[in-house]
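Residue-level structural notes
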Amino acid sequence: MDINWGTLAGVFAVSLGITAVVVVMFSLGLAAWSRAGHGEPASDAPGARYQKAATATALLCFASCLAVAAYGIALIVTA
């Protein structure tokens with residue numbers, strides 16, 4: 001059995017990079033979610049536009065993490 005070390009290193013690098021991107025996107029989603037005021041008692045704050053933008057950003061980050069996870073699962077299941 002012969003191991004193609006270049007290909008193995010390439011797979012390792014891509015998986016490490018994708019993992020880092022997903023972790024950063026999830027962290028940004030959590031930061032945006034907390035800045036939007038979710039999880040805190042509701043108040044009539046004048047920054048409703050800012051809260052909507054932060055919520056949209058958080059949902060976009062979480063959706064991208066979900067898409068990457070679903071794509072990875074689809075690759076495994078269909079192989």
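Further up the page is the structure itself.
To keep things clear, this report deals only with the structure shown in the data block. In this numbering scheme, every chain counts its residues from 1 along its sequence in written order. Local features in this predicted model are restricted to residues whose pLDDT is 70 or higher, and side-chain atom pairs enter the listing and the counts only when it is 80 or higher, whereas totals over whole chains, interfaces and linings include all residues. To obtain the side-chain values, all non-hydrogen atoms of the structure were included, while hydrogens and water were left out.

1. A few points about a nonpolar patch on the surface
For patches, a residue must show more than 30% relative accessible area and have no salt bridge; joins then use 9 Å for like charges and 5 Å for nonpolar side chains, namely Val, Leu, Ile, Met, Phe, Trp and Tyr. Computed by Shrake-Rupley with a 1.4 Å probe, the accessible areas treat only the displayed protein chains as cover when residues are assessed. Think of a salt bridge as a Lys or Arg side-chain nitrogen and an Asp or Glu carboxyl oxygen that are within 4 Å of each other. Taken together, Ile3, Trp5 and Leu8 make up a surface patch of nonpolar side chains, about 340 Å² in accessible area. Inspection of the secondary structure assignment puts Leu8 in helix H1 (residues 5-35). Burial classification: accessible surface area is computed with a 1.4 Å probe over protein chains only, and a residue below 20% of its type maximum counts as buried, one above 50% as exposed, and the rest as partly exposed. When its relative accessible area of 46% is taken as the criterion, Leu8 is described as partly exposed. Only runs of H or I of at least four residues qualify as helices and only runs of E of at least two qualify as strands under DSSP, and these elements are numbered from the N terminus.

2. Details of the environment of Leu59
Of note, Leu59 is situated in helix H2 (residues 48-78). Relative accessible area serves as the criterion here: at 48%, Leu59 is assigned to the partly exposed category. Expressed as a C-alpha distance, the spacing of Leu59 and Leu30, which sit 29 residues apart in the sequence, is 9.5 Å.

3. Describing the packing of H1 against H2
Contact pair H1 / H2: the axes reach a minimum separation of 8 Å and the direction vectors enclose 155°. Between H1 and H2, the crossing angle belongs to the class labelled roughly antiparallel. As for the relative orientation of H1 and H2, their crossing is left-handed in sense. Packed against H1, whose contacting residues are Ile18, Val22, Met25, Phe26, Leu28, Gly29, Leu30, Ala32, Trp33 and Arg35, the element H2 presents Tyr50, Ala54, Thr55, Thr57, Ala58, Leu59, Cys61, Phe62, Ser64, Cys65 and Val68 at the interface. Think of it as three bins: nonpolar holds Ala, Val, Leu, Ile, Met, Phe, Trp, Tyr, Cys and Pro, charged holds Asp, Glu, Lys and Arg, and polar takes everything else, Gly as well. Looking at the contact of H1 with H2, its residues break down into 16 nonpolar, four polar and one charged. Only the stretch in contact is used when fitting a helix axis, every axis being a line fitted to C-alpha atoms; angles between N-to-C directions are given from 0 to 180 degrees. Angle categories are assigned with fixed cut-offs, so that under 35 degrees is roughly parallel, over 145 is roughly antiparallel, 65 to 115 is roughly perpendicular, and the rest are oblique. Two helices cross in a left-handed way if the nearer one is turned anticlockwise from the farther one by less than a right angle. They cross in a right-handed way if the turn is clockwise. Note on contacts: a residue pair is in contact if any heavy atoms of the two residues lie within 4.5 Å.

4. Observations regarding the packing of aromatic side chains
Side-chain rings of Phe, Tyr and Trp, where Trp is taken by its six-membered ring, are said to pair if the distance between their centres is within 6.5 Å; with planes under 30 degrees apart they count as stacked, over 60 as edge-to-face, and otherwise as tilted. Inspection of the entire model under this criterion finds two aromatic pairs. Ring centres of Trp33 and Phe62 lie 6.4 Å apart, and the angle between their planes is 55°; this geometry places the pair in the tilted category. Here Trp33, found in helix H1, pairs with Phe62, found in helix H2; they are 29 residues apart in sequence, far enough to count as distant. Judged by its relative accessible area of 24%, Phe62 is partly exposed. In this structure an aromatic cluster arises from ring pairing among Phe26, Trp33 and Phe62.

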